[in-house]
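# What the coordinates show
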Amino acid sequence: MILSHTQLGSYLRCPRSYRYRYLDGWREKETRAAMVFGRCFEKALTALFRQEDPGATLSREWSVFREASLEYKKGESWDRLMHQGVHLLERFVRENRIRIRAPQYDLQVKMIRDLQAGHEFVAYLDAIGELDGQRCIIDWKTTASRYPEDPDGLLSLDPQLICYSWISGIPEVALVVFVRKDPPEIQYLKATISEEKRREFGRLVETTAAQIASAEFPAHSGIRFPQNACVSCAHLGLCLNNQQLIAANLIRNPGACSLDWLDELVD
Ligand code: SF4
C-alpha cells in the first residue's frame, strides 16, 4: 500500500469516506473554480522560478477553463480570478522574499518513506527553499480569505506541514498564502516542527496504515457542530442512498487504483 497525506487525512476524518474514495473509486467532481484556479496559479509560480513568464503561464493554463462549467462563488468570475492572479504574481515578485536555488530539484519534490509491513508513504512538497534567508519547506496556498495567525505557534499544528517535516526531516516550514482580495495580500507564515511532533506523526502514520490494511472502515458520522463532517462530505449521497446527490457530486472510477496517492499533487 502507498499512503499519502491526503489519504491519511481522509481516513482520519471518516474511514467510511476513505473506503468510498480509495477502494470503491467514488471521487468528487472537480467543479470548484477557486480550486482549479489554484492549480493554474501554482503552475505560474513554477514558471516564475524557472525564469519563464509567469503571467503568460497563468493565462495559458487558466484559459483552458474559460468555457468550462465551473462553480464560481458570489463575486467570483473567470476574469476576476485572472485579474487577482496577475496582481498576486506582481506583488510576489516585488516582495522577493522567497528563493528557490535549484528549481529543477526543489519544486514538487517527491519524497518516499518506508513503513512497516512493506507499506510506503509518499509526499510531494511544493518547494524546498528559503524564506527571508532561512531554509525551509514551502507550501503554496491560494485562498479568498486570510489564514488565522493567532495565537502564536498555531501553524505548528498544521498536519500537512507536520507530515512534510516528518518525511523530509526539515524542522522549518512555511505557508505562503496568496489571498485573492482587493488589494491582494500574501501571508508568509512560519513555524518550527519539533522532533517530538515528527515522532508522534510517524506513530500516527503506522497505526493508520495498519488499520487500513486490516480493512477497518467504520463511519465517523456527524451533522451537528462541531462534529458536522457529513454536511460537507462529498460522499453524503452514498450514505443517504440519495441518487440525486450522488449524480451531482461524484464520479466513479471502478475499483481501487494504485495511483490514487497522486491526489497528493492536486491538494
Ligand atoms: S457522509 Fe458522513 S458518515 Fe458518510 S462518508 Fe461522509 S463523513 Fe462519513
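Check the entry above for the structure.
Residues numbered from 1 in each chain as written. Predicted model: local features only at pLDDT ≥ 70, side-chain atom pairs only at ≥ 80, totals over all residues. Heavy atoms only, no water.

### Comments concerning the packing of helix α4 (residues 54-63) against helix α5 (residues 78-95)
The criterion, for reference: Angles shown run from 0 to 180 degrees and are taken between the N-to-C directions of axes, each axis being a line fitted to C-alpha atoms and, for helices, limited to the stretch in contact. Strands are runs of DSSP state E lasting at least 2 residues, helices are runs of H or I lasting at least 4, and numbering of each runs from the N terminus. Angle categories: roughly parallel below 35 degrees, roughly antiparallel above 145, roughly perpendicular from 65 to 115, and oblique for all the rest. The crossing is said to be left-handed when, going from far helix to near helix, the turn is anticlockwise and less than a right angle, and right-handed when the turn is clockwise. Residues count as neighbours in contact if any of their non-hydrogen atoms are within 4.5 Å of one another. Residues are grouped as follows: Ala, Val, Leu, Ile, Met, Phe, Trp, Tyr, Cys and Pro are nonpolar; Asp, Glu, Lys and Arg are charged; every other residue, Gly included, is polar.
Their axes nearest at 10 Å, the elements α4 and α5 cross at an angle of 160°. In terms of orientation, α4 lies roughly antiparallel with respect to α5. Seen along the crossing, α4 lies across α5 with a hand that is right-handed. On α5, the residues that touch P54, G55, L58, S59, W62 and S63 of α4 are W78, L81, M82, G85, V86 and L89. For the contact of α4 with α5, a count of residues per class yields eight nonpolar, four polar and no charged.

### Digging into the side chain of K141
We count it as follows: Distance and chemistry together define a polar contact, namely a pair of N or O atoms within 3.5 Å, with one atom able to donate a hydrogen and the other to accept it when in protein, and with adjacent residues in sequence counting only for side-chain atoms on both sides.
Here K141 lies in strand β6 (residues 134-143). A polar side-chain atom of K141 sits 3.1 Å from a polar atom in the side chain of Q160. Among residues more than four places away in sequence, those in contact with K141 are Y147, Q160, L175, V176, V177 and F178.

### Looking at the pairing of strand β4 (residues 107-114)
Each regular strand carries side chains that alternate between the two faces of the sheet. This is how the line gets drawn: Paired strands, as defined in this entry, are two strands with at least two bridges between them according to DSSP.
In terms of strand pairing, β4 meets strand β5 (residues 120-131) through seven bridges, oriented antiparallel. For M111, the partnering residue across the bridge sits in β5 and is A123. Linking β4 back to β5 in an antiparallel pair, the connection comprises five residues, with A117 at a positive phi of about 60°.

### Some words on the packing of helix α7 (residues 159-168) against helix α8 (residues 195-213)
At a closest axis distance of 9 Å, the pairing of α7 and α8 adopts a crossing angle of 95°. When the axes of α7 and α8 are compared, the pair comes out roughly perpendicular. Mapping the contact onto sequence places P159, I162, C163, S165 and W166 in α7 and K197, R198, F201, G202 and V205 in α8. A breakdown of the residues in the contact of α7 with α8 according to their chemical character gives six nonpolar, two polar and two charged.

### Thoughts on empty space enclosed by the protein
Note the cut-off: The rule is simple: put a 1 Å grid over the protein atoms alone, call a set of points where a 1.4 Å probe fits but cannot get out a cavity, call an open set with protein on both sides within 12 Å along at least five of seven lines a pocket, and count a residue as lining if it has an atom within 4 Å of a point. Grid points are joined across faces, edges and corners, and a volume is the space filled by probe spheres set on the points.
Applying the stated criterion across every chain, the model contains one cavity of 30 Å³ or more. Counted as a void, the largest cavity has a volume near 40 Å³. Every residue lining the largest cavity is listed: L131, Q134, C136, E172, V173, A174, K190 and A191. Counting residues per element, the lining of the largest cavity draws most heavily on strand β7 (residues 172-179), which supplies three residues. A per-class count over the lining of the largest cavity returns five nonpolar, one polar and two charged.

### A short note on the packing of aromatic side chains
Where we set the bar: Between 30 and 60 degrees the pair is tilted, below 30 it is stacked and above 60 it is edge-to-face, where a pair is any two Phe, Tyr or Trp rings, Trp via its six-membered ring, whose centres lie within 6.5 Å. Classification of residues uses two cut-offs on accessible area relative to the type maximum, computed with a 1.4 Å probe and protein chains only: under 20% is buried, over 50% is exposed, and between them is partly exposed. Criterion for a charge above a ring: Arg CZ or Lys NZ at most 6 Å from the ring centre, at most 35 degrees from the ring normal.
Counting across every chain of the model gives 16 aromatic pairs. With a centroid separation of 5.2 Å and 90° between ring planes, the pair formed by F121 and W166 is classed as edge-to-face. Of the two residues, F121 is situated in strand β5 and W166 in helix α7; the sequence distance between them amounts to 45 residues. Each of the two residues, F121 as well as W166, counts as buried. Counting every residue linked through ring pairs, the aromatic cluster contains F37, F41, F49, W62, F65, W78, F92, W140 and F178. Sitting over the ring of W78, R66 keeps its end group 4.0 Å from the ring centre. Over the ring of Y188 we find R97, and its NZ or CZ is 4.2 Å from the ring centre.

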